[in-house]
Amino acid sequence: MRKTTTFALLATAVVALGCGAGGTDAASSSGDSGRAAKGEEKAAKTAKIGQPARDGKFEFTVKSSKCGVAKVGDSVLGEKAQGQFCLVTINVKNIGKESQMFDGSSQKAYAADGTEYSADTGAAVYANQNAETFLNDINPGNQVTGVVVFDIPKKVKLTKLELHDSPFSGGVTVALS
């Protein structure tokens, strides 16, 4: 039992040292110029309503943003907001060379104080007749327009969106005001 424990500790130490060594090399090679380049890249990725903005294989154009909506859907089927719905109409074009899935739940909205809000995919089903913003494969060169829905508190105003071509992409910022 003692040999097994000692071996496990040694194996863990070797793995930890190996992981740490790689992290140190990458961090030391970037320096301050790497931070400046990232800052410039972030600034270059900010767009306004009506302007195309690219992230990965998608080009996003936010067409409009309407907040203060209490319910989406119709009188029979629909969903009521906990606070207020903000309906963001977005055109998504695949600029890549292969099919890419657009997922409305990967999109984020932010208030002026930096509070992050997730998309409400349940409400988006009622806001979109053709479910354009939920797990929709878009082939190269094609585009869809749909509504991404955010349920936010009644007194909050959204200031920007962060749009992603996938849950793991860096995203692109679109100012709403």
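Basis of the calculations
Residues numbered from 1 in each chain as written. Predicted model: local features only at pLDDT ≥ 70, side-chain atom pairs only at ≥ 80, totals over all residues. Heavy atoms only, no water. Helix = DSSP H or I, 4+ residues; strand = E, 2+ residues; numbered from the N terminus. Buried < 20%, exposed > 50% of the residue type's maximum accessible area, 1.4 Å probe, protein only. Contact = heavy atoms within 4.5 Å. Areas by Shrake-Rupley, 256 points an atom, 1.4 Å probe, with all protein chains shown as cover. Pairing = 2+ DSSP bridges. Phe/Tyr/Trp six-rings, centres within 6.5 Å; stacked < 30°, edge-to-face > 60°. Lys NZ or Arg CZ within 6 Å of the ring centre and 35° of its normal.

*Asks:* Go over the overall build of the protein chain, please, and point to the residues and values.
*Replies:* Scanning the protein chain from terminus to terminus reveals two helices and eleven strands. In the protein chain, the order of α-helices and β-strands from amino to carboxyl end is α-β-β-β-β-β-β-β-α-β-β-β-β. When burial is assessed residue by residue, the protein chain has 36% of its 177 residues classed as buried. Across the protein chain, contacts joining residues at least 24 apart in sequence account for 68% of those joining residues at least 6 apart. Just so you have it, the protein chain exposes about 10,800 Å², and 55% of that area is on carbon and sulfur atoms.

*Asks:* How would you summarise the environment of Ala124 if you had to cite specific residues and measurements?
*Replies:* When you line up the elements, Ala124 lands in helix α2 (residues 121-127). Counting along the chain gives 46 residues from Ala124 to Gly78, while the straight-line C-alpha distance between them is 9.9 Å.

*Asks:* Summarise the pairing of strand β3 (residues 58-73); cite the residues concerned and give the values.
*Replies:* Looking at chain direction, strand β2 (residues 52-55) and β3 are connected through four bridges and run antiparallel. Looking at β3, one finds that Pro52 is bridged to Thr61. Count of turn residues in the β2/β3 antiparallel hairpin: two residues, of which Gly56 carries a positive phi of about 60 degrees. Relative to strand β4 (residues 78-94), β3 runs antiparallel, the two being bridged by twelve bridges.

*Asks:* Describe the packing of aromatic side chains, naming the residues involved and giving the relevant values.
*Replies:* Counting across every chain of the model gives three aromatic pairs. Seen in terms of ring centroids, Phe58 and Phe60 are 5.9 Å apart; in terms of plane orientation they differ by 80 degrees. Their pairing is edge-to-face. Taken together, the ring pairs in this structure connect Phe58, Phe60 and Phe102 into an aromatic cluster. Here the guanidinium or amino end of Lys160 rests over the ring plane of Tyr110, the centre of that ring lying 5.2 Å away.

*Asks:* Any chance you could break down the pairing of strand β9 (residues 143-152) for me, citing the residues and the numbers?
*Replies:* Counting buried residues in β9 gives eight out of ten residues, a clear majority hidden from the surface. Pairing geometry for β4 and β9, over ten bridges, is antiparallel. By the bridge assignment, Ile90 is partnered in β9 with Gly146.

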